[in-house]
Amino acid sequence: TKQADNIYIEWDYVHFLTASEVFEVFDTTGSVYYGSFGTTDTARELVVVGEEESVVLDMDTVVQFEPIEKAFWQRVDGNIDLGLSYTSADSSLQYSLDAGAEYRQRKYSASVGLTSIQTRRDGVDDILRDNLAFKYTRYHKRRYFGTGTLEFSRNTELGIDFRTELGYAFSRYAVVTNRQRLSAGVGFSVTHEDQTGAEFSTTSAWGFLGVRYHLFLYHYPETDIVADLSLQPSITDWPRNRVNLSVSLRREFMDDFTVSLTVYDNYDSEPPAGANAKHDLAVVLALGWSP
């Protein structure tokens, strides 16, 4: 509320709930409902009044609900994190940028994310890690969803001057609660790479196996833990494979401001000839803003 700011009430102690706004409601089966909240005479029941029909849900099965805003910009969530570190022993300067925005509709969501980590040392070439990703996700029944991705990236440590990747993954939520999500998916992608020192670009096809875990706490201080692990076996250049791991912890320390710790590890079993290593590990501590 404007007068009292955020008020936290344990969900187990809510017996009745009514609201005239339209909400998106998730339950433990992965089903999604849309509508306002109507009245009921039975405690611990939530009536979702839709355009065509109403649904009565046991409150114990409701894991999340969010208002469906009318204006475009009200449906957009975003964040921006900035990090900077310096080591005098080797005159190493590292700065990072992690920014993203997501637009959510009833049946789909669209997002854009930018990650940039750059390391500079005296007497050696800069290490550049940049990734720009556009994603479109379509939500289906029974916890299933499909995601199309277009990514542009470079990683000088792994010998990639520029990579374009177009892919699709079909996934399902295995765990859906009011504090955590666990999903797994399979898919494929096509990449076009300009490799360090190579005279020609290469095009290749890849498989995809991925797992994502998200733990979130909405009460103050808000906390998010996200872990992504993916395996990409090469279809056209077997037995080459890539493994990508990302683990991040973000915690609010004041309204809309957060501190985050993120660990990235990218592995290529057969990196290009210009690569410096098969593994590329980065640890980033950053301050962020999430309106």
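Provided above is the structure to which this section pertains.
Every chain begins its residue count from 1, and numbering advances along the sequence as written. Note on the predicted model: pLDDT of at least 70 is required for a residue's local features to be given, and 80 or more for side-chain atom pairs to be given and counted; whole-chain, interface and lining totals, by contrast, use all residues. The basis for every side-chain value is the complete set of heavy atoms in the structure, and neither hydrogens nor water enter the calculation.

**Q** Describe the side chain of Ser-230, naming the residues involved and giving the relevant values.
**A** Relative to the elements of secondary structure, Ser-230 occurs in strand β14 (residues 223–233). Buried means the residue's accessible area, taken with a 1.4 Å probe over protein chains only, is under 20% of the maximum for its type, while exposed means over 50%, and partly exposed covers the values in between. Ser-230 gets classed as buried once you look at its relative accessible area, which sits at 12%. Contact criterion: two residues are considered in contact whenever any of their non-hydrogen atoms come within 4.5 Å of each other. What Ser-230 contacts, discounting residues up to four positions off in sequence, is Phe-208, Leu-209, Gly-210, Arg-242, Val-243 and Asn-244. For helices the rule is a DSSP run of H or I covering at least 4 residues; for strands it is a run of E covering at least 2, with both sets numbered from the N terminus onward.

**Q** Run through the packing of aromatic side chains, naming residues and quoting values.
**A** Note on aromatic pairs: the rings of Phe, Tyr and Trp (six-membered ring only in Trp) are paired at centre separations within 6.5 Å, and the planes decide the class, stacked below 30 degrees, edge-to-face beyond 60, tilted for the rest. Counted by the stated rule, this structure contains nine aromatic pairs. Aromatic side chains Phe-23 and Phe-37 sit 4.6 Å apart centroid to centroid with 15° between the ring planes, which places their arrangement in the stacked category. Here the residue Phe-23 occupies a position in strand β1 (residues 19–27), and Phe-37 occupies one in strand β2 (residues 32–38), the gap between them amounting to 14 residues. Here the two residues Phe-23 and Phe-37 agree in accessibility, since each one is buried. Linked through ring pairs, Trp-11, Phe-23, Phe-37 and Phe-65 together constitute an aromatic cluster. A cation sits over an aromatic face here: Arg-104 above Tyr-139, 4.2 Å from the ring centre. Positioned above the aromatic ring of Trp-206 is the side chain of Arg-242, whose terminal nitrogen or guanidinium carbon lies 4.1 Å from the ring centre. Throughout this description, the term charge over a ring refers to an Arg CZ or Lys NZ atom that lies within 6 Å of the ring centre and within 35 degrees of the ring normal.

**Q** Please give an account of the environment of Arg-121 that cites residues and values.
**A** If you trace the backbone, Arg-121 turns up in the loop between β8 (108–120) and β9 (127–139). Classification of Arg-121 as partly exposed rests on a relative accessible area of 34%. C-alpha of Arg-121 to C-alpha of Asp-41: the two residues are 80 residues apart in sequence and 68 Å apart in space.

**Q** I'd like to hear about the pairing of strand β17 (residues 279–289), residue by residue, with values.
**A** Only one face of β17 is buried, namely the one carrying Asp-280, Ala-282, Val-284, Ala-286 and Gly-288, since none of His-279, Leu-281, Val-283, Leu-285, Leu-287 and Trp-289 on the opposite face is buried. Paired strands are those between which DSSP finds at least two bridges. As defined by bridge partners, strand β16 (residues 257–268) adjoins β17 across eleven bridges and the pair is classed as antiparallel. Counted as the bridge partner of Tyr-264 is Ala-282 from β17.

**Q** Before we move on, can you summarise the pattern of salt bridges with the specific residues and values?
**A** Salt bridges are defined by distance alone: a side-chain nitrogen of Lys or Arg within 4 Å of a carboxyl oxygen of Asp or Glu. What the rule picks out here adds up to ten salt bridges. A salt bridge links Arg-250 to Asp-81; its shortest N-O distance comes to 2.4 Å. With Arg-250 in strand β15 (residues 241–254) and Asp-81 in strand β6 (residues 76–87), this pair connects stretches of sequence that are 169 residues apart. Residue Arg-250 is classed as partly exposed on the basis of its relative accessible area of 22%.

**Q** Describe the pairing of β2, with residues and values.
**A** Counting buried residues along β2, five of its seven residues qualify, which places the element largely inside the surrounding structure. Pairing between β1 and β2: five bridges, direction antiparallel. Across the sheet, the residue bridging to Ala-19 is Phe-37, located in β2. Counting the residues between successive antiparallel strands, the hairpin from β1 to β2 contains four residues, one of them, Gly-30, with a positive phi of roughly 90°. In terms of strand pairing, β2 meets strand β3 (residues 45–49) through three bridges, oriented antiparallel. Residue pairing in the sheet places Ser-36 in a bridge with Val-49 of β3.

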